[in-house]
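A look at the structure
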Amino acid sequence: MQHQELSERINKLETSATLAMAAKARELRAEGKKIIGLSLGEPDFNTPDFIKEAAIQAINDNYNSYTPVDGYVELKEAIIEKFERDNKLTYKPSQIVVSTGAKQSLANVAMVMLNPGDEVILPCPYWVSYRDIVKIAEGTPVEVKTSIENDFKMTPQQLEEAITPQTKMLWFSSPCNPSGSLYSTEELRALADVLQKHPQIIVVSDEIYEHINFAGGHASMAQFEDMYDRTVTVNGVSKAFAMTGWRIGYIGAPEYIARACNKIQGQITSGANCIAQRATITALKAPVSKIQYMIDKFKERRTLILDLLNEVEGFKCNEPEGAFYVFPNVSALFGKTFKGNKIENATDLSMYLLEEAQVATVTGEAFGNPDCIRISYAASEDDIKNAIAQIKEALA
């Protein structure tokens, strides 16, 4: 319900669909229903012990004061090392800003870059909050539809067609939430070639799922010399290190953008949590081999869930190369009626599966693709098996 006393800004804003679905699932659990949650983008692992120990050490070392707005110097150095080691990207400390989660990193960039009417190209499906973050900053989201046949990736031709004189930015994630798609070096280069004709466009490359990658080899837009000064690389420790609640994200960016993000953050939240920052230094300095066990487990679960979903009539899946989601096209079920419930779109299906199969998923509509639903396989094998069996039964 909208209240006229509230600002237009908040009245225009959508509620995050993933968080709304999680809240609805919690409600049903409180009523005594056994809901299997496959809606949240959250690893079901505990934060690794070596990171927890670093946090405990920081508490004992009396880290309790305000932190520098853009992050501890030692953390910025660890981020610089990480970018160099994993991405062959060279940044200076003045190009790094640490924030309270990658979501704040994205919001900072939108607020410092966008003026009313500036267009931001979003290949669909996009992460649920991109569109609304752009809208809060008074930008105009421009959605570019992709298809499951093309693994939900935008082609150079589609990018070219979406660009107008108002285009200010391109935002995308690779590996992608919600599709798990991964842009290869060649595919990014082809997009960069289009962008060379439009030097005013800044790219936001969201790489939060970087390490949850089953194809081997992660590519960054900023790795191309002719794109480095036009790319903001966003990352964080939530996904690969199972540190969602620690809330640490960061950017590597052209210096003028980083300085502007530092300025706006100084007026809104100031520096991120001191203990979480100390723990993140340890996380980022560790070799990726220390978290490999989680990545291997996600890969096993991907195989399991795809095998099971391929037996569900009306679900069409591709094989995602990263993250921990499948994004099946379910449009074959639209127009059908199950147990008196007519399914017109992905939102109807998502709600039906929650109430009838007792499985929480997220409608693809929230990600700019109304033909699909997002299913997270960051859950135990038993939960995955039971969930897909219950979905199959509800659609029998």
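Here, every reference points to the structure presented above.
In this text the structure is predicted, and so the values were computed from the model without any measurement. Here the residue numbering is sequential within each chain, running from 1 through the sequence in written order. Owing to the predicted nature of the model, reporting of local features is limited to residues with pLDDT of at least 70; listing and counting of side-chain atom pairs is limited to 80 or more, with chain, interface and lining totals taken over all residues. Side-chain numbers here rest on the full set of heavy atoms in the structure, without hydrogens or water.

Quick notes on the overall build of the protein chain
Within the protein chain one finds 13 helices and 14 strands. The reference for a compact globule is 2.2 Å times residues^0.38; the radius of gyration itself is calculated from the C-alpha atoms. Scaling as 2.2 N^0.38, a compact globule of 396 residues should have a C-alpha radius of gyration of about 21 Å, and the protein chain matches this with 21 Å. Summarising its shape, the C-alpha atoms of the protein chain cover approximately 60 × 55 × 50 Å along the three principal directions. Here the protein chain, with 396 residues, has 55% of them falling under the buried criterion. Here the analysis covers contacts within the protein chain between residues at least 6 apart in sequence; of these, 75% occur between residues at least 24 apart. Counting from the N terminus, the helices are the DSSP runs of H or I reaching at least four residues and the strands are the DSSP runs of E reaching at least two. Think of it in three bands: with a 1.4 Å probe and only protein chains considered, a residue is buried below 20% of the maximum accessible area for its type, exposed above 50%, and partly exposed in between. Any pair of residues with heavy atoms lying within 4.5 Å of one another is described as a contacting pair.

A closer look at the pattern of salt bridges
By salt bridge we mean one thing: a side-chain nitrogen of Lys or Arg within 4 Å of a carboxyl oxygen of Asp or Glu. Counted according to the given criterion, the structure contains 25 salt bridges. One salt bridge in this structure joins K92 and E255, with 3.4 Å as the shortest N-O distance. Of this pair, K92 sits in the loop between α4 (73-87) and β2 (96-99) while E255 sits in helix α9 (residues 255-268), and the two are 163 residues apart along the sequence. When the shortest N-O distance is used, the salt bridge between E311 and K392 registers 3.4 Å. Placement of the pair is E311 in the loop between α11 (292-309) and β9 (325-326) and K392 in helix α13 (residues 381-394), with a sequence separation of 81 residues. Residues joined by salt bridges that share partners form a network here, namely K82, R85, D86 and E210.

Considerations on the sheet that holds strand β5 (residues 167-173)
When DSSP finds two or more bridges between a pair of strands, those strands are recorded as paired. Ordered by their spatial adjacency, seven strands build an open sheet running β2-β8-β7-β6-β5-β3-β4, and the pairing between neighbours is mixed. Bordering the open sheet on either side are β2 and β4 (140-145), each of which pairs with just one other strand. Going across the sheet, the axis of each strand differs from the next one's by a mean of 20 degrees, ignoring polarity. Sheet analysis places strand β3 (residues 119-124) next to β5, joined by three bridges and oriented parallel. Each residue of the ladder has a partner; that of E119, found in β5, is T167. Angles here are taken between N-to-C directions and fall from 0 to 180 degrees, while the axes themselves are lines fitted to C-alpha atoms, restricted in helices to the stretch in contact.

Here's the deal with helix α5 (residues 102-113)
An ideal rise of 1.5 Å per residue puts 16 Å on twelve residues; α5 measures up with 17 Å between its terminal C-alpha atoms. The set of residues buried in α5 consists of A102, Q104, S105, L106, N108, V109, A110 and M113. For a helix, the expected span equals 1.5 Å multiplied by the number of residues minus one.

Brief notes about the environment of K336
For K336, the location among the structural elements is in the loop between β9 and β10 (337-338). Between the alpha carbons of K336 and L395 there is a distance of 9.8 Å; along the sequence they are 59 residues apart. If we ignore the near neighbours within four places in the chain, the residues touching K336 are N341, K342 and I343.

Looking at the packing of aromatic side chains
In this analysis, rings of Phe, Tyr and Trp, with Trp reduced to its six-membered ring, are considered paired at centre separations within 6.5 Å, and the interplanar angle assigns stacked below 30 degrees, edge-to-face beyond 60, and tilted for intermediate values. Taken as a whole and assessed by the stated rule, the structure comprises 16 aromatic pairs. Aromatic ring contacts, followed pair by pair, group F45, Y209, Y293, F298, F324 and Y325 into a single cluster. Over the ring of Y72 we find R278, and its NZ or CZ is 4.8 Å from the ring centre. A ring is considered to have a charge above it if a Lys NZ or an Arg CZ atom is located within 6 Å of its centre and within 35 degrees of its normal.

Digging into helix α2 (residues 17-30)
With 14 residues, α2 should cover 20 Å at 1.5 Å per step; its first-to-last C-alpha distance of 20 Å lies within 8% of that length. Here α2 has its buried residues at A17, T18, M21, A22, A25 and L28. In an axial view of α2, the angular spread of the buried residues amounts to 140 degrees, which keeps them on one side of the axis. Facing away from the buried side of α2, by more than 90 degrees, are the exposed residues R26 and A30. The inward-facing, buried residues of α2 contact α6 (128-136), α12 (346-357), β12 (359-360), β13 (362-363) and β14 (373-376). Among the residues trailing α2, G32 stands out with phi positive, at a value near 95 degrees. Throughout, the arc means that of the directions going from the helix axis to the C-beta atoms.

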